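Overview (structure and organization)
One-letter residues, chain by chain:
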Amino acid sequence: MFECIVAAASTVEVISNGSGGSRNGSLQLMQAEFQVMSPLFPIRQVKFLRYCKQHGDGLWAVVDISYDVNRESQDLKSYGGLKRLPSGCIIQDIGNDGCSKVTR
């Protein structure tokens, strides 16, 4: 079972579009709302940076890193008390039918 579910996600700002008309090298500031599967926890909002890099034909790496909204303040409660650990995945195109292999 998943620890939490993404309730909503959006791009806040595109910092870098990437190169060559693709998302290769793109950097975006993202915002997401996470819903823990318990009525005891409210929906949590978090902002993070997402970097995409192409490593070959049909092979991509996507990395997310928490973005500290209050850089001057170490008080996490001021924006929901949630920081995510760095995470990412490798996405590999495996055919012409639109299927991909995702590896954590």
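Heads up: the structure comes first, above all this text.
The structure reproduced in this document is the subject of the present report. Here the structure is a predicted model, which is why all the values come from computation and not from measurement.

Rules of the game
Going along each chain's sequence as written, the residues are numbered from 1 onward. For this predicted model, a pLDDT threshold of at least 70 governs which residues receive local features, and a threshold of 80 or more governs which side-chain atom pairs are given and counted, while totals over whole chains, interfaces and linings are taken from all residues. Excluded from the side-chain calculations are hydrogens and water; all other atoms, namely the structure's heavy atoms, are used. Helix and strand labels come from DSSP, where a helix needs a run of H or I of at least four residues and a strand needs a run of E of at least two; each type is numbered from the N terminus. For every residue, the accessible area obtained with a 1.4 Å probe (protein chains only) is divided by the maximum for its type, and the residue is called buried under 20%, exposed over 50%, and partly exposed between those limits. Any two residues whose heavy atoms approach within 4.5 Å are treated as being in contact. One side-chain nitrogen of Lys or Arg within 4 Å of one carboxyl oxygen of Asp or Glu is enough to make a salt bridge.

Here's the deal with the environment of Met30
Within the secondary structure, Met30 sits in strand β2 (residues 27–36). Look at Met30 and you get buried, because its relative accessible area is 9%. Spatially, the C-alpha atom of Met30 lies 8.7 Å from that of Val14, the residues being 16 residues apart in sequence. When near neighbours in sequence (up to four residues on either side) are disregarded, Met30 contacts Ser10, Thr11, Val12, Val46, Lys47, Phe48 and Arg50.

Considerations on the pattern of salt bridges
The final tally for this structure, using the stated rule, is one salt bridge. Among the ionic pairs, Arg50 bridges to Asp64, the shortest N-O distance being 2.8 Å. With Arg50 in strand β3 (residues 44–56) and Asp64 in strand β4 (residues 59–66), the pair connects residues that are 14 residues apart, well separated along the chain. Looking at Asp64, the relative accessible area reads 10%, which means it is buried.

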